[in-house]
Amino acid sequence: MSMFKKIITAVLLSSGIIIQTFCQSEQLIVNLSDQSSNRLLAFENPKGSIKITGYDGSVIVVTASLRFPETEKIAGNGLRKIEQNSLDIEAEVNGNNVTLTCRTTGKTVDFDIKIPGNFSLKLKSLDNGKVDVINVSGEIEIENGNGNISLENVSGSAILSSIYGNINAVFREVKHDSPMIFTSFEGDITITLPETINARLKIKSEKGEILTDFNIKPIKRQPVVTNVDQSKVYSLENWVVGSINEGGPEYVIKSYNGNVTLKKK
Amino acid sequence: MKRRKLKEKIYDLLNHKQNRNEEEEVINELGISGISKEEVDSLHNIKNNLDKVFPGEPTKRMDRRFYAMLEDEKRKLLLGEPDFGTTANTPRFTLNPWISIAAGITLFILGWFTSAWFSGTSNGDVQLANLSGEVKDLKETLVLTMMKQTSAVERIKAVNMVSEFEQANSRVIESLLRILNTDSNENVRLLSLEALIRYADNPEVREGLIASILNQTSPMIQIRLAEVMVALNEKRAATEFQKILEDANLNYSVRSKMNSAVVTLL
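Residue positions within a chain follow its written sequence, with the count starting from 1. For this description, chains carry letters from A and ligands carry numbers from 1, given in the order in which they are written. Under the rules for a predicted model, residues below a pLDDT of 70 receive no local features and side-chain atom pairs below 80 are neither given nor counted, while totals for whole chains, interfaces and linings still include all residues. To obtain the side-chain values, all non-hydrogen atoms of the structure were included, while hydrogens and water were left out.

A.B. asks: Even after reading the chapter, I still don't get helix H12 (residues 219-231) of chain B, so can you show me in this structure?
C.D. replies: Three or four residues apart is the spacing at which side chains of an α-helix point the same way, because the helix has 3.6 residues per turn. All names here are of chain B. With 13 residues, H12 ought to run about 18 Å at 1.5 Å a step, and its terminal C-alpha atoms sit 18 Å apart, in line with that. Per-residue accessibility, obtained with a 1.4 Å probe over protein chains only, is compared with the maximum for each type, and a residue is labelled buried under 20%, exposed over 50%, and partly exposed between these values. Counting from the N terminus, the helices are DSSP H or I runs at least four residues long and the strands are E runs at least two residues long. The buried count for H12 comes to 12 of 13 residues, which makes it a mostly enclosed element. For H12, every residue scored as buried is listed here: Pro219, Met220, Ile221, Gln222, Ile223, Arg224, Leu225, Ala226, Glu227, Val228, Met229 and Ala231. With its phi angle positive at about 55°, Asn233 sits one or two positions after the end of H12. Multiplying 1.5 Å by the helix residue count minus one yields the expected span of that helix.

What follows is the structure, encoded as structure tokens:
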């Protein structure tokens, strides 16, 4: 093949054979031709949770399960209704990029994915789920409008956003030159960082509180002012800005209704 | 006619063949023709020097020596005798005329640069300004390229770099607005809005911000836009907010903020 593009499609169909328990989960193994460190997994789950765990292996193991198992239903007249359960999952490998697609719509499908520890992630859950990432090192980009986002023992950098969920991220290490952003409109944000990091912070909580055990040195900034009609001047700057240790890449943490907590690891 | 007369008078003047009145008259006339008294004086000096250089008629001895030398040279030419005598005493450098010209030009350029070097800071400032302009252009190109990267981290770095610019030109503003309206990541869009707020005085930015209101679905961005439009007293935004308020599923906090924005602006 001219492009190293490989498509692995796994479609599970429970057929017309009458079985007592329908197959409710499906596993997909994605072989990776590229073993470099610069790899990315992109996945958008239409409905359901995503859990990614870094491990020592060299393949990606995807397990997808229906959250609400279908049970056999009696339709009457001694006939049984056969559910046409189908989990339609596809993984596309293109160089060092892996794109996972779930085409099953309407049903809530939870994904449990084992991945080589050194991987960047671009994840999105559109509905009805939480996103958990454990033991992964790379650039982690997650959007989960309706649910929680949790990072545990990760390293690298993260760009996380939610509307109604909480964000909880515990970093083992951070990439020294990468900016990070954490935003949740309604939820609380708790970020745990190594004590020795160098960063410049920009924090804001409109209705909540900002709590920290870091020694944050306030930075005086030129306020952003705008001259309206040459007569009135308004300030549009309302962030708390400070630096941790020597200062460094900018970390933006913003919640509207929730609290922001910044902790030392 | 008059001119020829004047020429004669000058000759007389230089040889002191006139009385004082005549001399003054001639000098005045020369002054009218654009030749000052100083120039006449310098001509006097030249004439005096020339008189000293030529001390009268050549003597017979000189004549003899001259003709002897001439004969000598003729003989050398005829016999093809190499010209040892003269080269040994006065070495001559015969250079290709083009090399001489090139050397002249080089010296001229060298002189030019040296004078520019020593002539104070104005030239230096210009050069420095040009250099910093080039650096700025380079930085801008880098930012625009980074804004198109697939990695959200790179795009954020690019947006953050814009805050280092004192002024953003329309190319940068256009790119920031594009990110605000179309970037796949909500956080990158929010940062782009924060960067644009710094240039809210620019009419292009204001137009862009108003036009982007209907594109936004993130409550964080919607609320920030409401705050900004109230601060800018931008009445045109009110109608856009009213359109968003028609959405029954609008977040409660966004709804109350936009309602108060509309009330303030109208």
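A.B. asks: What is the right way to read the confidence of the model for chain A from this model?
C.D. replies: When pLDDT is low, close inspection of the predicted coordinates is not appropriate. Residue and element names in this part refer to chain A. pLDDT: the predictor's confidence for each residue, scored from 0 to 100. Considering every residue of chain A, the mean pLDDT works out to 84; 81% of them sit at 70 or more. Mean pLDDT across the secondary structure elements of chain A bottoms out at strand E1 (residues 5-13), with 38, and peaks at strand E12 (residues 131-134), with 98. The model gives residues 1-22 a pLDDT under 50, and that stretch makes 48 contacts with residues more than four places away or in other chains. Any two residues having at least one pair of non-hydrogen atoms within 4.5 Å are treated as being in contact.

A.B. asks: How should I be thinking about the side chain of Gln222 of chain B in this particular structure?
C.D. replies: Residues and elements named next belong to chain B. Positionally, Gln222 belongs in helix H12. The buried category is assigned to Gln222, whose relative accessible area is 7%. With near-sequence residues (within four places) excluded, Gln222 lies in contact with Gln216, Thr217, Ile244, Leu250, Val254 and Met258.

A.B. asks: In this structure, what is going on with the interface of chain A and chain B? I would like to understand it.
C.D. replies: Interfaces are often described in size by the accessible area the parts lose on coming together. Contacts between the two partners involve 36 residues from chain A, matched on the other side by 31 residues from chain B. In this description, buried area is defined as the sum, over both parts, of the accessible area (probe of 1.4 Å) that is lost when the two are combined. When chain A packs against chain B, the two sides together hide about 2900 Å² of surface, and 54% of this comes from carbon and sulfur. We define a salt bridge as a contact between a side-chain nitrogen of Lys or Arg and a carboxyl oxygen of Asp or Glu at a distance within 4 Å. Taken together, chain A and chain B are joined by one salt bridge. When the shortest N-O distance is used, the salt bridge between Asp177 of chain A and Lys157 of chain B registers 3.7 Å. Here a polar contact is recorded for every N or O atom pair within 3.5 Å, except that within protein the pair must consist of a potential hydrogen donor and a potential acceptor, and residues adjacent in sequence are included only if both atoms are side-chain atoms. Viewed at the interface, chain B and chain A are joined by nine residue pairs in polar contact (both at pLDDT 80 or more). Only Asp, Glu, Lys and Arg are considered charged in this grouping, and only Ala, Val, Leu, Ile, Met, Phe, Trp, Tyr, Cys and Pro are considered nonpolar; every other residue, Gly among them, is considered polar. Taken together, the residues of the side of chain A that touches chain B sort by class into 15 nonpolar, 11 polar and 10 charged.

A.B. asks: Whenever I open this one, the packing of helix H8 (residues 152-162) of chain B against helix H10 (residues 186-197) of chain B confuses me. Can you help?
C.D. replies: The axes of two packed helices give the description: the angle between them and the distance between them. Residue and element names in this part refer to chain B. Where H8 meets H10, the closest approach of the two axes is 10 Å, and the angle between their N-to-C directions is 5°. For the element pair H8 / H10, the angle class is roughly parallel. Across the interface between the two elements, Ala152, Arg155, Ile156, Val159 and Asn160 of H8 pack against Val188, Leu191, Ser192 and Ala195 of H10. Grouping the constituent residues of the contact of H8 with H10 by class yields six nonpolar, two polar and one charged. Lines fitted to the C-alpha atoms define the axes, with helices restricted to the stretch that makes contact. Angles between their N-to-C directions range from 0 to 180 degrees. These descriptions rest on fixed angle ranges, namely under 35 degrees for roughly parallel, over 145 for roughly antiparallel, 65 to 115 for roughly perpendicular, and the rest for oblique.

A.B. asks: Honestly, the environment of Pro218 of chain A in this entry has me stumped. Any pointers?
C.D. replies: Residues and elements named next belong to chain A. Relative to the helices and strands, Pro218 is located in strand E20 (residues 216-218). Distance in space between the C-alpha atoms of Pro218 and Ser243 is 6.5 Å, their sequence separation being 25 residues. Each residue touching Pro218, except ones within four places of it in the same chain, is listed here: Val241 and Gly242.

A.B. asks: Would you take a moment to explain the nonpolar core for this structure?
C.D. replies: Taken as a class, soluble globular proteins show a tendency for nonpolar side chains to be buried jointly. Membership of the largest hydrophobic core comes to 59 residues, with the highest contact counts inside it found for Met147, Val162, Leu176, Leu196, Leu209, Met229 and Phe241 of chain B. In this structure, Leu176 of chain B is in contact with Met147, Val159, Val162, Ser192, Ala195 and Leu196 of chain B, ignoring residues within four places of it in sequence. Side-chain atoms within 4.5 Å link the members of a nonpolar core, which is a set of buried Ala, Val, Leu, Ile, Met, Phe, Trp, Tyr and Cys residues. In this structure, Ile60, Val93, Ile167 and Leu262 of chain A belong to the second largest nonpolar core, which totals 54 residues.

A.B. asks: Help me understand the confidence of the model for chain B in this model?
C.D. replies: All names here are of chain B. Scored by pLDDT, chain B comes out at a mean of 81, with 84% of its residues at no less than 70. Segment residues 83-91: pLDDT under 50, and one contact once partners within four positions in sequence are set aside and those in other chains are kept. In the predicted complex, the global pTM is 0.71; the interface-specific ipTM is 0.85.

A.B. asks: For this particular structure, what's the right way to read the pattern of salt bridges?
C.D. replies: Side-chain pairs of opposite charge can arise where the charged atoms are in close proximity. Tallied over the full model, the rule gives 20 salt bridges over all chains. Arg236 of chain B is the salt-bridge partner of Glu207 of chain B, the closest N and O atoms lying 2.7 Å from each other. Separated by 29 residues along the polypeptide, Glu207 of chain B in helix H11 (residues 203-212) and Arg236 of chain B in helix H13 (residues 236-245) bring together distant segments of the chain. Under the relative-accessibility criterion, Arg236 of chain B is labelled partly exposed at 41%. Taken together, the shared-partner salt bridges connect Lys175 and Asp177 of chain A together with Glu154 and Lys157 of chain B into one network.

A.B. asks: Is there a simple way to think about unusual backbone geometry in this case?
C.D. replies: Most peptide bonds take the trans form, and the phi angle of most residues other than glycine is negative. Look at Asn128 of chain A: it is not a glycine, yet its phi comes out positive at around 55°. A residue is classified by how much of its surface remains accessible, and Asn128 of chain A, at 32% relative accessible area, is partly exposed. One non-glycine residue, Asn233 of chain B, lies in the positive phi region at around 55°. Note that Asn233 of chain B resides in the loop between H12 and H13.

A.B. asks: How should I be thinking about the pairing of strand E13 (residues 137-144) of chain A in this particular structure?
C.D. replies: The side chains of a regular strand alternate, residue by residue, between the two faces of the sheet. Residues and elements named next belong to chain A. E13 sits mainly inside the fold: six of its eight residues count as buried. Judged from the five bridges that link them, strand E11 (residues 120-125) and E13 form a sheet pairing that is parallel. Paired with Leu121 across the bridge in E13 is Ile140. Where E13 and strand E14 (residues 149-162) come together, eight bridges link them in parallel fashion. Across the sheet, residue Ile142 finds its bridge partner in E14, namely Leu160. Two strands are counted as paired when DSSP detects at least two bridges linking them.

A.B. asks: Sorry, what's going on with a positive patch on the surface here?
C.D. replies: Put simply, a patch holds well-exposed residues, over 30% relative accessible area, that have no salt bridge, with like charges counted together within 9 Å and Val, Leu, Ile, Met, Phe, Trp or Tyr side chains within 5 Å. Computed with a 1.4 Å probe, the accessible areas rest on the Shrake-Rupley method; for each residue, only the protein chains presented here act as cover. Positive residues here are Lys and Arg, negative ones are Asp and Glu, while His and the chain termini are left out of the count. The atom standing in for a charge is NZ when the residue is Lys, CZ when it is Arg, CG when it is Asp and CD when it is Glu. Side chains of Lys60, Arg61, Arg64 and Arg65 of chain B sit close together on the surface and give a patch of like positive charge. We classify Arg64 of chain B as exposed; its relative accessible area is 58%.

A.B. asks: Would you mind showing me how to read the side chain of Ser120 of chain A here?
C.D. replies: Residue and element names in this part refer to chain A. Among the structural elements, Ser120 can be located in strand E11. The class for Ser120 is buried, based on a relative accessible area of 15%. Looking at Ser120, its side chain comes within polar contact range of the main-chain nitrogen of Glu139, at 3.0 Å. Those residues in contact with Ser120 that lie beyond four places of it in its chain are Arg39, Leu40, Leu41, Gly138 and Glu139.

A.B. asks: Which parts of the structure should I look at to understand the pairing of strand E24 (residues 250-255) of chain A?
C.D. replies: All names here are of chain A. A large share of E24 lies buried, amounting to six of its six residues. Alternating positions in E24 separate into two faces, Glu250, Val252 and Lys254 on one and Tyr251, Ile253 and Ser255 on the other, with burial throughout. Sheet topology note: the strand E18 (residues 199-205)/E24 ladder contains six bridges and is parallel. Looking at E24, one finds that Leu201 is bridged to Tyr251.

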